[in-house]
Amino acid sequence: MKKAYYYVFVSPLKQVYNDDKKMKPSFVIPIKTATKIYEISLFSTKNRVYMIRITIPNLVEEKITDYDTKFIQMIKEHMLSVLRLTYDNEISSFRPVWVFRDENEPPALKIKITEKINPEFKVNPENIKSTYCATFQIRHQLRLLSDGQDNRIPLQYRFLSLYKLLELEFKNKGTFKKDELLNFLSKFEGEFKTLKKSNMGLFGYIEDTRNKCAHIKNKKEILGVTHLDQKPAREIELFLPLFLKICSVLLNEKHKETGFTLFQRPN
């Protein structure tokens with residue numbers, strides 16, 4: 001049997017992270033489910049929290065199941081909520097690291113984080129200045145688009161930011177100009193189908209996902225997209241690059257008179 005150690009580094013980042021026999025967590029909390037007992041451990045110094053470790057036992061192979069993923073997400077997000085209330089309300093987490101070990105082996109982690117700067121990259125002040133001036137009249141749309149691609153913002157709010165951008169461009173007195181919106185979205189239907197996200201059309205999928213993001217529970221009392229639901233959150237994560245492209249093309253087409261063009265990142 002195997003076990004996995006799931007590490008989450010919290011801000012501000014350290015340069016070196018270790019977890020071995022010499023390292024003692026500040027505390028360990030067992031979390032019992034119907035089939036196994038997870039553990040969450042917190043690592044801290046006298047004046048800072050720097051790492052969370054979740055232990056996932058009883059793995060047949062070096063693979064995390066959907067069942068485990070559900071509980072890992074729940075365990076992690078509750079700890080981050082508690083830390084924001086009891087330690088630092090601006091705390092954020094970074095891309096997690098997995099380590100698989102045999103069931104009887106202790107943790108083994110040694111990671112060094114260094115900053116890398118591309119020496120070929122050059123700041124373009126003139127481009128920043130001209131874009132700022134040219135887009136001031138559509139600053140709300142740009143803010144929504146920037147929020148949509150900000151990895152520090154929870155997925156459901158990133159999605160809702162992009163949905164709000166569609167509303168700004170296509171709603172009149174609270175109602176979508178449906179024909180105009182569907183005509184615009186039609187050029188992305190092929191890319192949407194390749195994602196195999198839904199049997200619905202693109203607009204139907206966007207509306208359905210918007211409802212899941214905006215309402216924690218629907219009429220059937222089923223949780224929508226929250227930090228506690230990994231599967232729908234993963235679906236949104238996979239859809240966001242296309243949604244960002246849709247919104248970038250929209251601004252380029254509807255506001256070309258400003259003279260600026262948004263760069264579309266590849267999906």
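Scroll up to find the structure.
Residues numbered from 1 in each chain as written. Predicted model: local features only at pLDDT ≥ 70, side-chain atom pairs only at ≥ 80, totals over all residues. Heavy atoms only, no water.

Caption draft 1: Spotlight on the packing of aromatic side chains. Taken as a whole and assessed by the stated rule, the structure comprises 19 aromatic pairs. Ring geometry for Phe159 against Phe243: centres 5.1 Å apart, planes inclined by 50°, an arrangement best described as tilted. Residue Phe159 is located in helix 4 (residues 155-170), and its partner Phe243 is located in helix 8 (residues 230-254); the two are separated by 84 residues in the primary sequence. You can call Phe159 buried: its relative accessible area is 0%. (Phe/Tyr/Trp six-rings, centres within 6.5 Å; stacked < 30°, edge-to-face > 60°. Helix = DSSP H or I, 4+ residues; strand = E, 2+ residues; numbered from the N terminus. Buried < 20%, exposed > 50% of the residue type's maximum accessible area, 1.4 Å probe, protein only.)

Caption draft 2: Inspection of the side chain of Ser41 at higher detail. Structurally, the position occupied by Ser41 is in strand 4 (residues 37-44). We classify Ser41 as buried; its relative accessible area is 0%. Setting aside anything within four residues of it in sequence, one finds Ser41 in contact with Pro25, Phe27, Val28, Met51, Ile52 and Arg53. (Contact = heavy atoms within 4.5 Å.)

Caption draft 3: Region of the structure containing helix 7 (residues 202-214). Taking 1.5 Å as the rise per residue, helix 7 with 13 residues should run 18 Å; its terminal C-alpha atoms sit 18 Å apart, in good agreement. Buried within helix 7 we find Leu202, Phe203, Tyr205, Ile206, Thr209 and Cys213. Looking down the long axis of helix 7, one finds its buried residues gathered within 160° of arc, a one-sided arrangement. (Expected span 1.5 Å × (residues − 1). Arc of directions from axis to C-beta.)

Caption draft 4: Structural context of the nonpolar core. Formed by 35 residues in total, the largest nonpolar core has its most connected members in Ile206, Phe239 and Phe243. When residues of this core are traced back to their parent elements, those giving at least two are helix 3 (139-148), helix 4, helix 5 (178-185), helix 7 and helix 8. Looking at which element gives the most residues to this core, the answer is helix 8, with 12 residues. When neighbours within four sequence positions are excluded, Phe243 is seen to be in contact with Phe159, Leu162, Tyr163, Leu166 and Ile206. Core analysis: the next-biggest nonpolar cluster, separate from the first, contains 20 residues, Ile56, Ile64, Met79 and Ile91 among them. (Core = buried A, V, L, I, M, F, W, Y, C linked by side-chain atoms within 4.5 Å.)

Caption draft 5: Focus on the pattern of salt bridges. Per the counting criterion, the structure on display carries 15 salt bridges. Salt-bridge contacts for Glu180 lead to Lys254; the nearest nitrogen and oxygen are separated by 3.6 Å. Of the two residues, Glu180 sits in helix 5 while Lys254 sits in helix 8, which places them 74 residues apart along the sequence. Judged by its relative accessible area of 35%, Glu180 falls in the partly exposed class. Using a relative accessible area of 29% as the deciding quantity, one classes Lys254 as partly exposed. Within the structure, one salt-bridge network assembled from shared partners comprises Glu169, Lys177, Glu180 and Lys254. (Salt bridge = Lys/Arg side-chain N within 4 Å of Asp/Glu carboxyl O.)

Caption draft 6: Looking closely at a nonpolar patch on the surface. Together, Phe121, Val123 and Ile128 give the surface a local cluster of nonpolar side chains, amounting to about 360 Å² of exposed area. Position of Val123 relative to the elements: it lies in the loop between strand 7 (109-112) and helix 2 (125-134). (Patch = residues over 30% accessible without salt bridge, like charges linked within 9 Å, V, L, I, M, F, W, Y side chains within 5 Å. Areas by Shrake-Rupley, 256 points an atom, 1.4 Å probe, with all protein chains shown as cover.)

Caption draft 7: Representation of the environment of Thr209 in the model. Residue position: Thr209 is located in helix 7. By relative accessible area, Thr209 is classed as buried at 4%. What Thr209 contacts, discounting residues up to four positions off in sequence, is Phe159 and Ile236.

Caption draft 8: View of the sheet that holds strand 6 (residues 97-102). With antiparallel pairing, 5 strands are arranged side by side in an open sheet as 3-4-5-1-6. Strands with a single pairing partner mark the edges of an open sheet, and in this sheet they are strand 3 (27-32) and strand 6. On average, each strand axis in the sheet is tilted by 20° relative to the strand beside it, whichever way the strands run. Relative to strand 4, strand 3 runs antiparallel, the two sharing 6 bridges. Within the sheet, the bridge partner assigned to Ile31 lies in strand 4 and is Tyr38. Along the sheet face, helix 1 (residues 66-86) touches strand 1 (2-9), strand 3, strand 4, strand 5 (49-59) and strand 6 and points at about 160° away from the line of strand 5. (Pairing = 2+ DSSP bridges. Axes fitted to C-alpha atoms, helices over the stretch in contact; angles between N-to-C directions.)

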